[in-house]
Amino acid sequence: MRLYAAVAASGFRRYATYRVATAAGVFTNTVFGFVLAYTYIALWSERPQLGGYDQAEALTFVWLGQALLATCAMMGGGFEDELIERIRTGDIAIDLYRPVDLQLWWLAGDLGRALFHFLGRGIVPMVIGSLAFELALPGDPLVWVAFLVAVALGVVVSFAVRYLVALSAFWLLDGAGVAQIAWLGGMFFSGMLLPLNVFPGALGELARALPWSSFLQVPADVFLGKRTGIDLLGAFAFQAGWALALIGAGRVLQAVATKRVVVQGG
Amino acid sequence: MVDGIRAYRMIAAMWIRSTMTYRASFAMTLFGNFAATAFDFVAILLMFSHVDALGGFTLGEIAFLYGATGIAFGIADLVMGSMDRLGRRVRDGTLDTLLVRPAPVLVQVAADRFALRRLGRITQGVLVFGYALTVVDIDWTPARALLVPVMLLSGAAIFSAVFTAGAAFQFLAQDSAEVQNAFTYGGNTLLQYPPSIFARELVRGVTFVLPLAFVNWLPALYVLGREAPAGLPSWLAFLPPVVAVVCCALASLAWRAGLRSYRSTGS
């Protein structure tokens, strides 16, 4: 346990080292936040109460999206590129020798990264957004706590998806294609493009049932107070269910990969 | 210049061969590139499942704006999109290798990891633009017809200048690749929507400070027979080529200044 805590801490420190990159990321998130905010204002002034949000809630959704974009690694760029590279070069053989659990090792590192991104890239855009626009911020501290739990669960689901993506490199060697497809799913079905409750009919139902909704839609609904009481527990159960299922799938796939696949030598 | 283009072609051909080694992955990234950009348009379609007009613009008109910036940005992304890797090269010292080779450094950086998959973005822009041309009732005149190709090429040049200037900035701040994303990808997203939905200051800012409005807003609104945004004069619609030349000149100055200030990491 102490080992994984140390890995998580170093994951945090690793990303915290690049201050200019963090500032640059915050700048980009803020620019996108402004662009999207104006499009949402145009949409919600035509159709107030669209998707059950008023305009302030819709704008809050925009800025939450920018705040969680890096935290849930919706654009990729977390550990998976590195893991794919280790599989491609064969360095993974060394990792498999180590007396630690491969999946938990990468999970710990990614949790550290996510915590840093949440603090370093989440807070500033949210503050700027709340200064520039009228947002619907929760008054109840318990809602904030519930939001943090939902974000944490979202990060674990995000990790589990990207771990599966990275393992595909055992068969394909170049994981870029799978990574991109997964990234697309993340962008589209997380609510990043448009809140999922604005999606029409069956597409909306499907989008809300897929794991990606854990990244943004579920935490945002918790933040906006749309899910309380039993419904809140349902939201957590939904996220935790996907997290366990995908982590489990990752373990199975890893077992198959290490048994069947010849590691690249050289 | 001719040497530069020849060098670009050779490096690009090498990367294309190398990408084709992993065909499954290439097919997936090509599709992914197409779909990633298509999703932007799907989001607009989803918006239009709830409304008939956004900021006073119909779906066809927004598709016109969208397709125009999509094509312009797609070309710039294909040709110059690798420029944002410069910071990484400065940090790990591999830029030194480029300095001793007998080809312009700008060409080598731009052609580095030349990604044919970016054709996906251009294809998607062309499809949306074609759709717009069939559904929007444009009052064609020779000036309007001529302005369309001029708009697309000038737009590609303006975005290329932004890529180059962003790379030049990375000589100073190596980890600032994301800043340029705000202007390239962010600018592209901005231009997909009509200027009427944005604050007046923002529209004026992207006209006079960072002239992205010349990529599509000003010329496209003229072609569509609409008034120029934010109270700007309508003759600005014919300025994109001039703006493109000025932008490229400034970007090349910035690039030279950046390259001259380069200090190797020495390891």
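Residues numbered from 1 in each chain as written. Chains lettered and ligands numbered in written order. Predicted model: local features only at pLDDT ≥ 70, side-chain atom pairs only at ≥ 80, totals over all residues.

In the nomenclature of an unreviewed UniProt entry, chain A corresponds to ABC transporter permease from the organism Streptomyces triticagri.

Trainee: How do you make sense of the overall build of chain A when you look at a structure like this?
Mentor: Scanning chain A from N- to C-terminus turns up 12 helices and 0 strands. When its helices and strands are written in sequence order, chain A yields α-α-α-α-α-α-α-α-α-α-α-α. The C-alpha radius of gyration of chain A comes to 19 Å, within 12% of the 18 Å expected for a compact globule of 266 residues. Along the first, second and third principal axes, the C-alpha atoms of chain A reach 60 × 40 × 30 Å. Taken over 266 residues, chain A has a buried fraction of 50%. In chain A, the proportion of contacts linking residues at least 24 apart, taken out of those at least 6 apart, comes to 79%. (Helix = DSSP H or I, 4+ residues; strand = E, 2+ residues; numbered from the N terminus. Rg over C-alpha atoms; globule rule 2.2 N^0.38 Å. Buried ≥ 20, exposed ≤ 12 C-beta atoms within 10 Å, placed from the backbone. Contact = placed C-beta atoms within 7 Å.)

Trainee: Can you walk me through the overall build of chain B in this structure?
Mentor: Within chain B one finds 12 helices and 0 strands. Written out in order from the N terminus, the α and β elements of chain B read α-α-α-α-α-α-α-α-α-α-α-α. Taking 2.2 N^0.38 as the reference for a compact globule, 267 residues should give roughly 18 Å; the C-alpha atoms of chain B span a radius of gyration of 19 Å, in line with that estimate. Viewed in the frame of its principal axes, chain B has a C-alpha envelope of about 60 × 40 × 35 Å. Going through the 267 residues of chain B one by one, you find that 49% of them count as buried.

Trainee: Can you help me understand the interface of chain A and chain B in this one?
Mentor: Interface size is often expressed as the accessible area that is lost when the parts come together. Facing the 33 residues of chain A at the interface are 31 residues of chain B. Breaking the side of chain A that touches chain B down by element, the ones donating at least two residues are α2 (19–46) and α9 (176–189) of chain A. Top element by residues in the side of chain A that touches chain B is α2(A). It accounts for 14 residues. Here the residues of the side of chain A that touches chain B are counted per class, giving 25 nonpolar, 5 polar and 3 charged. (Nonpolar A, V, L, I, M, F, W, Y, C, P; charged D, E, K, R; others polar.)

Trainee: Honestly, unusual backbone geometry in this entry has me stumped. Any pointers?
Mentor: Trans is the common state for peptide bonds, and a negative phi is the common state for residues other than glycine. A positive phi angle is found at A:Gln49, which is not glycine, with a value near 70 degrees. Along the chain, A:Gln49 turns up in the loop between α2 and α3 (55–71). Positive phi, normally seen in glycine, also occurs at B:Arg113, with a value near 50 degrees. Relative to the elements of secondary structure, B:Arg113 occurs in the loop between α6 (105–111) and α7 (119–135). For B:Arg113, a count of 13 C-beta atoms within 10 Å corresponds to the partly exposed category.

Trainee: Which parts of the structure should I look at to understand helix α10 (residues 200–208) of chain B?
Mentor: The periodicity of an α-helix, 3.6 residues per turn, causes residues three or four places apart in sequence to face the same way. Residues and elements named next belong to chain B. Among the residues making up α10, those that are buried are Val203, Val206 and Thr207. Buried residues of α10, seen end-on, are gathered within an arc of 110 degrees and therefore sit on one face of the element. Counted as exposed and oriented over 90 degrees from the buried face of α10: Glu201 and Phe208. Check the buried side of α10 and you find it contacts α9 (177–191). (Arc of directions from axis to C-beta.)

Trainee: Whenever I open this one, the environment of A:Pro195 confuses me. Can you help?
Mentor: Residues and elements named next belong to chain A. Looking at the secondary structure, you find Pro195 in the loop between α9 and α10 (201–209). Judged by C-beta crowding, with 25 C-beta atoms within 10 Å, Pro195 ranks as buried. Remark: the alpha-carbon pair of Pro195 and Asp221, spanning 26 residues in sequence, is separated by 9.9 Å. Leaving out residues up to four positions away in the same chain, Pro195 has contacts with Gly51, Tyr53, Phe61 and Gln217.

Trainee: What am I meant to see in the nonpolar core here?
Mentor: Nonpolar side chains tend to gather and get buried jointly when the protein is soluble and globular. Of all hydrophobic cores here, the largest spans 169 residues; its most connected members are B:Ala72 and B:Ile158. Apart from residues lying up to four places away in sequence, B:Ile158 is in contact with B:Pro211, B:Leu212, B:Phe214, B:Val215, B:Val243, B:Ala244 and B:Cys247. (Core = buried A, V, L, I, M, F, W, Y, C linked by C-beta atoms within 7 Å.)

Trainee: Teacher, can you tell me more about the packing of helix α3 (residues 59–80) of chain B against α7(B) here?
Mentor: Helix packing for two helices is described by the angle between their axes and how far apart those axes are. Residue and element names in this part refer to chain B. Here α3 crosses α7 at 155 degrees, and the two axes come no closer than 7 Å. The orientation of α3 relative to α7 falls into the category roughly antiparallel. Read as a crossing pair, α3 and α7 show a hand that is left-handed. Taken together, the residues of α7 that come into contact with α3 (itself represented by Gly60, Ala63, Phe64, Tyr66, Gly67, Ala68, Gly70, Ile71, Gly74, Ile75, Asp77 and Leu78) are Leu119, Arg121, Ile122, Gln124, Gly125, Val126, Val128, Phe129, Tyr131, Ala132 and Val135. (Axes fitted to C-alpha atoms, helices over the stretch in contact; angles between N-to-C directions. Parallel < 35°, antiparallel > 145°, perpendicular 65-115°, else oblique. Left-handed = near helix turned anticlockwise from the far one by under 90°.)

Trainee: Is there a simple way to think about the UniProt feature "transmembrane region" (unreviewed entry) in chain A in this case?
Mentor: Residues and elements named next belong to chain A. Within the UniProt annotation, "transmembrane region" (unreviewed entry) is assigned to residues 20–41, 61–79, 118–137, 143–165, 177–196 and 232–253. Spanning residues 61–79, this segment combines 58% helix with 0% strand, and its end C-alpha atoms are found 27 Å apart. End-to-end, the C-alpha atoms of residues 143–165 are 33 Å apart, and along that stretch the chain is 100% helix and 0% strand. (UniProt positions renumbered as here; feature names shortened; annotations may be inferred.)

Trainee: How do you make sense of the environment of A:Val252 when you look at a structure like this?
Mentor: All names here are of chain A. In this structure, Val252 sits in helix α12 (residues 229–260). The exposure class of Val252 is exposed, given the 11 C-beta atoms found within 10 Å. When the C-alpha positions of Val252 and Met1 are compared, they lie 22 Å apart, and in sequence the two are 251 residues distant.

Trainee: Before we go on, may I ask you to explain the environment of A:Ala207 in this structure?
Mentor: Residues and elements named next belong to chain A. Counting through the fold element by element, Ala207 comes out in helix α10. Look at Ala207 and you get buried, because 20 C-beta atoms sit within 10 Å. Separated by 29 residues in sequence, Ala207 and Phe236 place their C-alpha atoms 17 Å apart. For Ala207, the contacting residues outside a window of four places in its chain are Phe189, Leu196, Phe199 and Ser213.

Trainee: Help me out: how do you make sense of the confidence of the model for chain A in this one?
Mentor: Reading fine detail from the predicted coordinates is not recommended where pLDDT is low. Residues of chain A with pLDDT of at least 70 account for 98%, and the chain-wide mean is 91. Per-element averaging of pLDDT across chain A places α9(A) at the bottom with 83 and helix α11 (residues 217–223) of chain A at the top with 97. (pLDDT = per-residue confidence, 0-100.)

Trainee: Is there a simple way to think about the packing of α3(A) against helix α6 (residues 102–132) of chain A in this case?
Mentor: All names here are of chain A. Interaxial distance between α3 and α6 falls to 7 Å at its minimum, and their mutual angle equals 160 degrees. With respect to α6, the element α3 is oriented roughly antiparallel. Judged by the twist between their axes, the crossing of α3 over α6 is right-handed. Contacts from Trp63, Gln66, Ala67, Leu68, Ala70 and Thr71 of α3 reach α6 at Ala114, His117, Phe118, Arg121, Gly122, Pro125, Met126 and Gly129. Of the residues belonging to the contact of α3 with α6, the class tally is 8 nonpolar, 5 polar and 1 charged.

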